[in-house]
Amino acid sequence: MSTTLTPTLSQLETPAAKAQAIRCVDCDVHQSVGLGQFREYMPQPFKRMAESGCAPGHLGLYNPIGVTRPDTIEADGKPAASKPDGLARMLLEPYGIDVALLTGGVYGFSSHPDPDYAAAVCSAYNTYMIEHWLPKDPRFRLAINVATQDPLLAAQEIERVGAHPGVSAVVISSATQHPLGQRTYHPMYAAAEKMGLPFCLHPGHEGTGITNAPTAAGYPTRYLEWHTGISCTFQAHLVSMVCEGVFQKFPELKIVLVEGGISWLAPLLWRFDKNWKALRSTVPWLTRPPSETIQGRVFMTTQPIEEPPEHGQLKQLFEMFDAEKMLLYSSDFPHWDGDTPDYVVRGFSETFKRRVLAENAIELFGL
Amino acid sequence: MTAVSAPTRTKHEVAKAADLPPGARKIVKAGRFQIGVFNVNGQYRAVLNICPHELAPVCKGPVRGTMLPSKVGEYTWGCDGEILSCPWHGWEFNLHDGKSLHDPKCHLKTFEVLVEEGTVFVLV
């Protein structure tokens, strides 16, 4: 397949022509980039902090499989995802992925105690990615990373690099100090809306550093519990964003829940709508039920796709909300819990496949 | 009624036995199959290089032991060198019978292995 496919997209005028040219958009690709590669872009004293190894903490939970898939470590001992051509060879070409949203990254620095350091890391990382990765493959798009300790600094960073044509989104860690709807965070949303960038939440550092416990019940014992519980944090953030009026205050803002699970959405919305009918007066700016408020505003990536005992149950579940319009394919490459495109959409209609593999992302990210 | 003859299997050379010591593996093409042949503590085992979950190249995953079923709070290591773990999602398979450790219905396709005059063959 041609690696010069995406530059021609701007010449394709109709959405239908674009949809035909893009077979699959992968909305969560973790290229592997280390602090050592981009610390040169950091001013002092942050460069010295990076040199000394200041990094987000780690809960120390044990994943016997390892986070990076062992078969993606190449003969030279380096991860395929650490090289643009490795990513193309192991992910984009075998699966016909025509656009890859590079999520990275360094969003985990939101758990670091020092807001200035975290902002400097994200800023240097974004510059490095724009200069060293985006030019390497026209299929790459960047989700810029910002840290959430100081939302004003995050907003500045979004405005600094958000206009670059290769930048298609903003991504933060879902591990935070507060529910993400609260007004302290609103400057980030204002900046993302202004720059026309969908705003993504990505898990991975829940319970580390200065962030909240990884579950509402506290710190679990094992990685299995921690990983299963990630969805609960996403639920809390979504409920907060709806109730705090984020979708009213920022009418063009789009939120993408990356890797937070899918199957919980419909029953959560039933409960949420029921409560809203009684308690609407506490959130009078919510003039429509929560389930309607998020329509066209909230998207979810598919990985790790849930696997009920009968595949038909997944289909039933996807009929309980507007899955065809809300879901975006994601591989999470090269992590241990990734999904291939054919696996995610197997057994679904051709329309569903097209929407989830490409068309929803084409529209959302303005590809 | 027509007699049905037993399906004939073909011998495919894998490696010299000396080149496949305990703990070693080789992935070979045998007919239409890609097969991983493993020396499991001195016994040769062969499985299809396709994971039944998302069709990953399962034979590229690590081989090790695992924790055996136990009482709450107890950990018992066992099956050392017998458990193949898929490189994508970590599903564990016992190389002796191809069965997964999480669901007896979920298994890898297995093949018979022969050793003749110092050469390892897989029967397909």
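Residues numbered from 1 in each chain as written. Chains lettered and ligands numbered in written order. Predicted model: local features only at pLDDT ≥ 70, side-chain atom pairs only at ≥ 80, totals over all residues. Heavy atoms only, no water.

Engineer: Looking at this structure, I do not really get the overall build of chain B. What am I missing?
Structural biologist: What chain B contains, in helices and strands, is zero helices and nine strands. Reading the helices (α) and strands (β) of chain B from amino to carboxyl end gives β-β-β-β-β-β-β-β-β. Principal-axis analysis of the C-alpha atoms places the extent of chain B at approximately 55 × 45 × 25 Å. Looking at chain B residue by residue over its 124 residues, the buried ones come to 44%. Just so you have it, chain B exposes about 7,100 Å², and 54% of that area is on carbon and sulfur atoms. Between the centroid of the 14 positive side chains of chain B and the centroid of its 12 negative side chains there is a distance of 6 Å. (Helix = DSSP H or I, 4+ residues; strand = E, 2+ residues; numbered from the N terminus. Buried < 20%, exposed > 50% of the residue type's maximum accessible area, 1.4 Å probe, protein only. Areas by Shrake-Rupley, 256 points an atom, 1.4 Å probe, with all protein chains shown as cover. Lys, Arg positive; Asp, Glu negative; His and termini not counted. Charge placed at Lys NZ, Arg CZ, Asp CG, Glu CD.)

Engineer: What am I meant to see in the pattern of salt bridges here?
Structural biologist: Working definition: two side chains of opposite charge can pair if their charged atoms are close together. For the structure shown, the criterion picks out 18 salt bridges over all chains. Measuring nitrogen to oxygen at the nearest pair gives 3.0 Å for the salt bridge that ties Arg222 of chain A to Glu225 of chain A. Glu225 of chain A sits in the partly exposed class, given a relative accessible area of 31%. Arg9 of chain B is paired through a salt bridge with Glu112 of chain B; the nearest N and O atoms lie 2.9 Å apart. (Salt bridge = Lys/Arg side-chain N within 4 Å of Asp/Glu carboxyl O.)

Engineer: I keep staring at the nonpolar core and nothing clicks. Help me out?
Structural biologist: Most often, soluble globular proteins keep nonpolar side chains buried together rather than apart. Residues and elements named next belong to chain A. If you look at the biggest cluster of nonpolar residues, it comprises 97 residues, and the most contacted ones within it are Tyr189, Phe199 and Phe318. Here this core takes 10 residues from helix H5 (residues 115–132), the largest share from any one element. Ignoring any residue separated from it by four or fewer positions in sequence, one finds Phe199 in contact with Ile158, Val170, Ile172, Met188, Tyr189, Ala192, Leu253, Lys254, Ile255 and Val256. Residues Cys27, Val258, Ala358 and Leu367 belong to the second largest nonpolar core, which totals 21 residues. (Core = buried A, V, L, I, M, F, W, Y, C linked by side-chain atoms within 4.5 Å. Contact = heavy atoms within 4.5 Å.)

Engineer: Help me out: how do you make sense of the sheet that holds strand E7 (residues 92–94) of chain B in this one?
Structural biologist: As a general point, the strands of a sheet are linked pairwise by backbone hydrogen bonds and lie either parallel or antiparallel. Residues and elements named next belong to chain B. Taking strand neighbours across the sheet as the criterion, the three strands line up as E5-E6-E7 in an open arrangement whose pairing is antiparallel. Edge positions in the sheet fall to strand E5 (63–68) and E7, since each of these pairs with one other strand and no more. On average, each strand axis in the sheet is tilted by 65° relative to the strand beside it, whichever way the strands run. As paired strands, E5 and strand E6 (residues 76–85) are joined by five bridges and run antiparallel to one another. The partner of Thr66 across the bridge, within E6, is Gly78. (Pairing = 2+ DSSP bridges. Axes fitted to C-alpha atoms, helices over the stretch in contact; angles between N-to-C directions.)

Engineer: Looking at this structure, I do not really get helix H4 (residues 84–95) of chain A. What am I missing?
Structural biologist: A turn of α-helix holds 3.6 residues, and therefore any two residues three or four places apart point the same way. Residue and element names in this part refer to chain A. The end-to-end C-alpha distance of H4, which contains 12 residues, comes to 16 Å, matching closely the 16 Å that a straight helix rising 1.5 Å per residue would cover. All of the buried residues along H4 are Pro84, Gly86, Leu87, Ala88, Leu91 and Leu92. On its buried face, H4 is in contact with strand E1 (25–29), strand E2 (99–102) and strand E3 (140–145). Backbone geometry just downstream of H4 places Gly96 in the positive-phi region, at approximately 65°. (Expected span 1.5 Å × (residues − 1).)

Engineer: Could you clarify how one ought to interpret the packing of aromatic side chains in this entry?
Structural biologist: Where two aromatic rings form a pair, the distance of their centres and the angle of their planes describe that pair. Residues and elements named next belong to chain A. This structure, assessed with the given rule, holds 15 aromatic pairs over all chains. Ring centres 5.6 Å apart and planes at 20° place the aromatic pair Phe318 and Phe348 in the stacked group. Of this pair, Phe318 sits in helix H12 (residues 311–319) while Phe348 is found in the loop between helix H14 (341–345) and helix H15 (350–365), placing the two residues 30 residues apart along the sequence. Look at Phe318 and you get buried, because its relative accessible area is 7%. On the basis of relative accessible area, Phe348 is assigned to the buried category, the value being 11%. Cluster of aromatic residues (ring-pair linked, three or more members): Phe38, Tyr41, Tyr125 and Tyr128. Stacked on the ring of Tyr343, the Lys or Arg Arg346 has its end atom at 4.0 Å from the ring centre. (Phe/Tyr/Trp six-rings, centres within 6.5 Å; stacked < 30°, edge-to-face > 60°. Lys NZ or Arg CZ within 6 Å of the ring centre and 35° of its normal.)

Engineer: Would you mind showing me how to read the interface of chain B and chain A here?
Structural biologist: Note on interface size: it is often stated as the accessible area lost on association of the parts. On the chain A side, the residues contacting the 12 residues of chain B number 14 residues. A combined buried area of about 1,000 Å² lies between chain B and chain A, and 47% of that area is made up of carbon and sulfur atoms. Of all residues in chain B, the largest losses of buried area upon contact with chain A belong to Glu54, Trp88 and His89 of chain B, amounting jointly to 52% of the total for that side. On inspection of chain B and its partner chain A, the count reaches zero salt bridges. Between chain B and chain A we count seven residue pairs in polar contact (both at pLDDT 80 or more) in total. Tallied by class, the residues present in the side of chain B that touches chain A amount to six nonpolar, three polar and three charged. (Buried area = accessible area lost by both parts, 1.4 Å probe. Polar contact = N/O pair within 3.5 Å; in protein donor to acceptor, adjacent residues only side chain to side chain. Nonpolar A, V, L, I, M, F, W, Y, C, P; charged D, E, K, R; others polar.)

Engineer: Looking at this model, I keep getting lost on the pairing of strand E9 (residues 119–123) of chain B. Mind explaining?
Structural biologist: In the case of a regular strand, side chains alternate between the two sheet surfaces. Residues and elements named next belong to chain B. A large share of E9 lies buried, amounting to five of its five residues. Going residue by residue along E9, you find Thr119, Phe121 and Leu123 tucked away on one face and Val120 and Val122 tucked away on the opposite face as well. Judged from the five bridges that link them, strand E1 (residues 11–16) and E9 form a sheet pairing that is antiparallel. Across the sheet, the residue bridging to His12 is Val122, located in E9.

Engineer: I tried to follow the confidence of the model for chain A on my own but got confused; where do I start?
Structural biologist: Regions with low pLDDT should not have their predicted coordinates read in detail. Of the residues in chain A, 96% reach a pLDDT of 70 or more, and the chain-wide mean stands at 94. Between residues 1–8 of chain A, whose pLDDT stays under 50, and residues either more than four places distant or in other chains, the model counts 18 contacts. (pLDDT = per-residue confidence, 0-100.)

Engineer: It is not clear to me how the packing of helix H6 (residues 151–161) of chain A against helix H7 (residues 186–195) of chain A should be interpreted in this structure. Could you clarify?
Structural biologist: A pair of packed helices is characterised by two quantities: the angle between their axes and the separation of those axes. Residues and elements named next belong to chain A. Closest axis-to-axis distance for the H6/H7 pair is 7 Å, and the angle between their directions is 10°. As far as their axial angle goes, H7 and H6 are roughly parallel. The segment H6 lies against H7, with Pro151, Leu152, Ala154, Ala155, Ile158 and Glu159 engaging Pro187, Met188, Ala191, Ala192, Lys194 and Met195. Its residues assigned to classes, the contact of H6 with H7 shows 10 nonpolar, no polar and two charged. (Parallel < 35°, antiparallel > 145°, perpendicular 65-115°, else oblique.)

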